[in-house]
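# Understanding the architecture of this molecule
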Amino acid sequence: MDNMDILIGRSRNIAQQVTEAERLGNPINNLVEQQLQVMEEYHDEFVKQATANGMDTLERDKTEIKLFSYMKMWAEKIGLPTEKYDKAIKAIQQCYFKD
């Protein structure tokens, strides 16, 4: 099992814990922060592998936008700032949509 698979498993586990904590009315801030850390690690690993494998730029950019969008959603869940995700998404989009 490679590192990306391990990170996906951790992310799913945390998401399940968040769902259960919400159902029970327990705090989720720590879990969401863990989720964001795992997702950032996954993003870094994805970029490394995409570069090493010569992944098509458009596909890579689409995947990165999805990842940043999910991270933003998780951050919003507990009221964390989302500017860094917005900036990252915008930076990718600007490559395709010049003002």
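Rules of the game
- Residues numbered from 1 in each chain as written.
- Predicted model: local features only at pLDDT ≥ 70, side-chain atom pairs only at ≥ 80, totals over all residues.
- Heavy atoms only, no water.
- Helix = DSSP H or I, 4+ residues; strand = E, 2+ residues; numbered from the N terminus.
- Contact = heavy atoms within 4.5 Å.
- Phe/Tyr/Trp six-rings, centres within 6.5 Å; stacked < 30°, edge-to-face > 60°.
- Lys NZ or Arg CZ within 6 Å of the ring centre and 35° of its normal.
- Axes fitted to C-alpha atoms, helices over the stretch in contact; angles between N-to-C directions.
- Parallel < 35°, antiparallel > 145°, perpendicular 65-115°, else oblique.
- Left-handed = near helix turned anticlockwise from the far one by under 90°.
- Salt bridge = Lys/Arg side-chain N within 4 Å of Asp/Glu carboxyl O.
- Buried < 20%, exposed > 50% of the residue type's maximum accessible area, 1.4 Å probe, protein only.
- Expected span 1.5 Å × (residues − 1).
- Arc of directions from axis to C-beta.

With respect to the helices and strands, the residue glutamine 35 is situated in helix α2 (residues 29-53). Not counting residues up to four positions away in its chain, the partners in contact with glutamine 35 are Ser11, Ile14, Ala15 and Trp74.

On to the packing of aromatic side chains, then. In the structure shown here, the tally under the stated rule is zero aromatic pairs. In this structure, lysine 77 is placed above the aromatic ring of tryptophan 74, and the distance from its NZ or CZ to the ring centre is 6.0 Å.

What follows concerns the packing of helix α1 (residues 3-24) against α2. Running from N to C, α1 and α2 point in directions that differ by 160 degrees, and their axes come no closer than 9 Å. As judged from the angle between their axes, α1 and α2 are roughly antiparallel. Where α1 crosses over α2, the handedness of that crossing is left-handed. Side by side, α1 and α2 meet where Asn3, Met4, Leu7, Ile8, Arg10, Ser11, Ile14, Ala15, Gln17, Val18 and Ala21 of the first sit next to Leu31, Val32, Gln34, Gln35, Val38, Glu41, Tyr42, Glu45, Phe46 and Gln49 of the second.

Throughout the structure, instances matching the rule amount to eight salt bridges. Note that glutamate 22 is salt-bridged to lysine 77, the shortest N-O span being 3.0 Å. Of this pair, glutamate 22 sits in helix α1 while lysine 77 sits in helix α3 (residues 57-77), and the two are 55 residues apart along the sequence. Owing to a relative accessible area of 40%, glutamate 22 belongs among the partly exposed residues under this scheme. Ionic pairing is found between lysine 62 and glutamate 59, a salt bridge with its closest N-O pair at 3.6 Å. Residue lysine 62 and its partner glutamate 59 are located together in helix α3, separated by three residues, close to a single helical turn.

With 21 residues, α3 should cover 30 Å at 1.5 Å per step; its first-to-last C-alpha distance of 30 Å lies within 8% of that length. Those residues of α3 that fall on the buried side of the exposure criterion are Asp61, Glu64, Leu67, Phe68, Met71, Trp74 and Ala75. The buried residues of α3 occupy an angular sector of 150 degrees when projected down its axis, which confines them to one face. Packing partners of the buried residues in α3 comprise α1, α2 and α4 (83-94).

Any functional reading would require information beyond the geometric quantities listed.
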